[in-house]
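The chain contents come next:
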Amino acid sequence: MKFSHYIVCLVAFSPASFAAKLPPILDFYPLCSPQTIDTANDKMVYDIDPDLLESSHGDVLSHRDAYVKQALVEIQHKAAAAGADAVIIDRLTVGGIDRSLDLQDDSNRVKSDTKQIHVITAAQYVNLCDDTQLSSDPTPYNSEGKAVSYTQTTVKLTMAEEGNLLKKAQKHQAPDALITTDSAYGVHIGGSVDDLQQALGPHSIQLQLDNGATVYGYGRSLWFVVKDGRVLMITQDLGLLNGHGQNQIALSENYDSDNWVIADQVHQGDELNRVKAHLPLKKHGDGYSIAGKNSRLLLTFEDYKENVSQEAVSRLNSFAVLPLTATDKYKVNFGNFDNIDITTLLTLAFKQAYTLQPQQLINQIQLTDNGPKVLVNSNVLLGFDSQGVVNSIKITESMFGAQTMSEFNAVLASYNLPAIKSQLLERYPNAEDNFDNIMLTKGTVMLSINFDSYDDDAQLIDLTLQF
């Protein structure tokens, strides 16, 4: 049966719910405007249980939800102490620190090991009217610390959990890692984008190229080049992102493992002579190729010296499947971000909210612990919420190709950012000095800057601003 309309019902708390020991965190605003008896801006820092880290392979932010719940309970206790009937969460930001250092001076050796979750909140402690009914208008953050959106046909809709796409990708049943002269992982040259995404699941990254093609990356080292809706090329070495850029993507158990196989016999790491015994290799530039009907398989080998006294052994390192006539050289086509004043945002005095436009979403790292990031250029990533509103900035060394320190410092200067730790501490005098990191919280804003050492003249490596 198809309903032509929906009825939005009012939600009410029973009197017993307000008799609970702790004031509830409201999912919806009250019908009767409450009295705000106090507002609170809190920063709660939690040292993560080492046992939890061990069970999750050391991923700090994978424990976000557990510590957010703990923070919300702390807020409820504070609201109870203030005599409040209920709590409204206006803002909630979560960050993590994962840092290990061995420091040594003339007298002793100090080991610093910091693994923390930082929860920054802004909340209202409110007293309710005698009428405790709630409207269908959702509060900014609900009792689980999640943002909520609303339409006339739906009472509430919980937005996608941060990292949800990453979890979906991790749970996807990946196809067998079989490589042929015209396919990889069951996806053929000339196959459709729909076939690709159905077979491999959510992609880690997408990039728009200057020749009109789109790149879909899976894990950190499996790339599909698509043009006019069809798979043009499959490769393990696209040559766009450097090692630092690839590290911005979450590792994938599905596509970062070395379990692919060719002709049921050949695996990554096999010696050249063994590969030649099973495949009709022909020399092709620095590697070897196997021709198919309309495409070819390229194999590259690297020399490994496994023993000082022995000669280097050439072992299979990577593959590429591409048309016989493929000659394209690839370059990323970045969007225009002139409408976003990054320099002003970094002053921490900004008021304007920036919403990303569709044409600015073409280059995304989609699989990260904190949700997707848009690539502004080779040095800047923007985080955004489900409505496209920018909520974080990361400035880091180049993710594409080589970049000298002077070139990186010129990028920092273009955003009016000092490159040296002592200068940044002068810029942000209230920041905490944590050896090779400084951190500053200002209301609901959190700024974290990492350096290449703990010295006063240490070089900035990356900066992250969450708001």
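Per-chain numbering applies: the sequence of each chain, read as written, is numbered from 1 onward. Local features in this predicted model are restricted to residues of pLDDT 70 or higher, and side-chain atom pairs are both shown and tallied only at a pLDDT of 80 or more, whereas totals for entire chains, interfaces and linings draw on every residue. Excluding hydrogens and water, the side-chain figures rest on all heavy atoms present in the structure.

**Q** What exactly am I supposed to notice about unusual backbone geometry here?
**A** It is generally the case that most residues other than glycine have a negative phi and that most peptide bonds are trans. Even without a glycine there, the phi angle at Asp-228 is positive, about 55 degrees. The buried label goes to any residue with under 20% of its type's maximum accessible area, the exposed label to any with over 50%, and the partly exposed label to all in between, with areas taken from a 1.4 Å probe on protein chains only. In this structure Asp-228 comes out as exposed when scored by relative accessible area, which is 75%. Backbone geometry places Asn-416, a non-glycine residue, at a positive phi of 60 degrees. Relative to the helices and strands, Asn-416 is located in the loop between helix H9 (405-414) and helix H10 (421-427). Numbering of helices and strands runs from the N terminus; a helix is a DSSP stretch of H or I covering at least four residues, while a strand is a stretch of E covering at least two.

**Q** Any chance you could explain the pairing of strand E28 (residues 445-451) here in plain terms?
**A** Put simply, side chains in a regular strand alternate between the two faces of the sheet. Taken across its 7 residues, E28 has 6 buried, putting it largely inside the fold. Alignment of strand E27 (residues 437-442) against E28, held across 6 bridges, turns out to be antiparallel. Within E28, the residue paired with Met-439 across the bridge is Ser-448. Between E27 and the antiparallel strand that follows it, E28, lie 2 residues; Gly-443 among them carries a positive phi value of about 65 degrees. Pairing between strands is defined by DSSP: at least two bridges between the two strands are required.

**Q** Sorry if this is basic, but what is going on with the confidence of the model for the chain here?
**A** Caution is warranted with low-pLDDT regions, since their predicted coordinates should not be read in detail. For every residue, the predictor assigns a confidence score, pLDDT, that lies between 0 and 100. Here the chain averages 85 in pLDDT, and 87% of its residues register 70 or above. In what follows, a contact means two residues having at least one pair of non-hydrogen atoms within 4.5 Å. With pLDDT under 50 throughout, residues 1-19 is counted as low confidence; its partners more than four residues away or in other chains account for 25 contacts. Here residues 149-162 scores under 50 on pLDDT; set against residues more than four positions off or in separate chains, the count is 32 contacts.

**Q** Before we go on, may I ask you to explain helix H3 (residues 64-81) in this structure?
**A** Owing to its 3.6 residues per turn, the α-helix brings residues three or four apart onto one side. By definition here, a helix of n residues has an expected span of 1.5 Å times n minus one. With 18 residues, H3 ought to run about 26 Å at 1.5 Å a step, and its terminal C-alpha atoms sit 26 Å apart, in line with that. Those residues of H3 not exposed but buried are Arg-64, Tyr-67, Val-68, Ala-71, Leu-72, Ile-75, Gln-76 and Ala-79. Trailing H3 by a residue or two, Gly-83 shows a phi angle of about 80 degrees, which is positive.

**Q** Is there a simple way to think about the pairing of strand E24 (residues 380-384) in this case?
**A** Taken across its 5 residues, E24 has 5 buried, putting it largely inside the fold. Of the two faces of E24, the one holding Val-380, Leu-382 and Phe-384 and the one holding Leu-381 and Gly-383 are both buried throughout. As judged from the 3 bridges shared by strand E23 (residues 373-375) and E24, these two strands associate in the antiparallel manner. Residue pairing across strands places Val-374 opposite Leu-382, the latter belonging to E24. Joining the antiparallel neighbours E23 and E24 is a turn of 4 residues. Two strands pair when backbone bridges link them, and E24 and strand E25 (residues 390-396) are joined in this way by 5 bridges, in the antiparallel orientation. Along E25, the bridge assignment pairs Val-380 with Ile-395. Counted along the chain from E24 to the antiparallel partner E25, the turn is 5 residues long, and its residue Gly-388 has a positive phi close to 85 degrees.

**Q** Help me out: how do you make sense of the side chain of Thr-214 in this one?
**A** Relative to the helices and strands, Thr-214 resides in strand E13 (residues 214-218). At a separation of 3.4 Å, a polar atom in the side chain of Thr-214 contacts the side chain of Gln-208. Side-chain atoms alone can form a polar contact between residues adjacent in sequence; in general such a contact is a pair of N or O atoms within 3.5 Å, and within protein one must be able to donate a hydrogen while the other accepts it.

**Q** Sorry if this is basic, but what is going on with the side chain of Arg-315 here?
**A** Mapped onto the secondary structure, Arg-315 falls in strand E21 (residues 313-323). Of the polar contacts made by the side chain of Arg-315, one reaches the backbone oxygen of Gly-269; its length is 2.8 Å. Residue contacts for Arg-315: discarding those within four places in its chain leaves Gly-269, Asp-270, Glu-271, Thr-300, Phe-301, Glu-302, Tyr-304 and Glu-306.

**Q** What should I look at first to understand the packing of aromatic side chains in this one?
**A** Aromatic rings in a pair are described by how distant their centres are and how their planes are angled relative to each other. Between 30 and 60 degrees the pair is tilted, below 30 it is stacked and above 60 it is edge-to-face, where a pair is any two Phe, Tyr or Trp rings, Trp via its six-membered ring, whose centres lie within 6.5 Å. In this structure the tally under the stated criterion is 7 aromatic pairs. Note on Tyr-218 and Phe-224: the rings are 5.8 Å apart at their centroids and 85 degrees apart in plane angle, and the pair reads as edge-to-face. Here Tyr-218 matches Phe-224 in class, with each residue buried. Plain terms: the ring middles of Tyr-218 and Tyr-255 are 5.5 Å apart, the flat faces sit at 75 degrees to each other, and that makes the pair edge-to-face. Of the two residues, Tyr-218 sits in strand E13 while Tyr-255 sits in the loop between helix H6 (243-246) and strand E16 (261-262), which places them 37 residues apart along the sequence. Here Tyr-255 falls in the buried class, since its relative accessible area comes to 5%. Here a set of aromatic residues connected by ring pairs shows up, and it is made of Tyr-185, Tyr-218, Phe-224 and Tyr-255. Over the face of the ring belonging to Tyr-288 we find Lys-283, whose NZ or CZ atom lies 4.6 Å from the ring centre. In our convention, an over-ring charge means Lys NZ or Arg CZ found within 6 Å of a ring centre and within 35 degrees of that ring's normal.

**Q** Help me understand the environment of Gln-236 in this model?
**A** Within the secondary structure, Gln-236 sits in the loop between strand E15 (230-235) and H6. In this structure Gln-236 comes out as buried when scored by relative accessible area, which is 14%. The spacing of Gln-236 and Leu-222 is 14 residues in sequence and 4.8 Å in space, taken between C-alpha atoms. Beyond its immediate stretch of four places on either side in the chain, Gln-236 contacts Ser-221, Trp-223, Trp-260, Asn-317, Ser-318 and Phe-319.

**Q** What is the right way to read the pattern of salt bridges from this model?
**A** Side chains bearing opposite charge may pair, as long as their charged atoms lie close to each other. Here, a salt bridge means any Lys or Arg side-chain nitrogen found within 4 Å of an Asp or Glu carboxyl oxygen. Tallied over the entire structure, the rule returns 7 salt bridges. Where Asp-42 meets Lys-78, a salt bridge forms, and the shortest distance between an N and an O atom there is 3.0 Å. Here Lys-78 lies in helix H3 and Asp-42 lies in strand E3 (residues 35-47), a separation of 36 residues in the sequence. Assessed through its relative accessible area of 36%, Lys-78 is described here as partly exposed. Within the structure, one salt-bridge network assembled from shared partners comprises Arg-64, Asp-65 and Lys-146.

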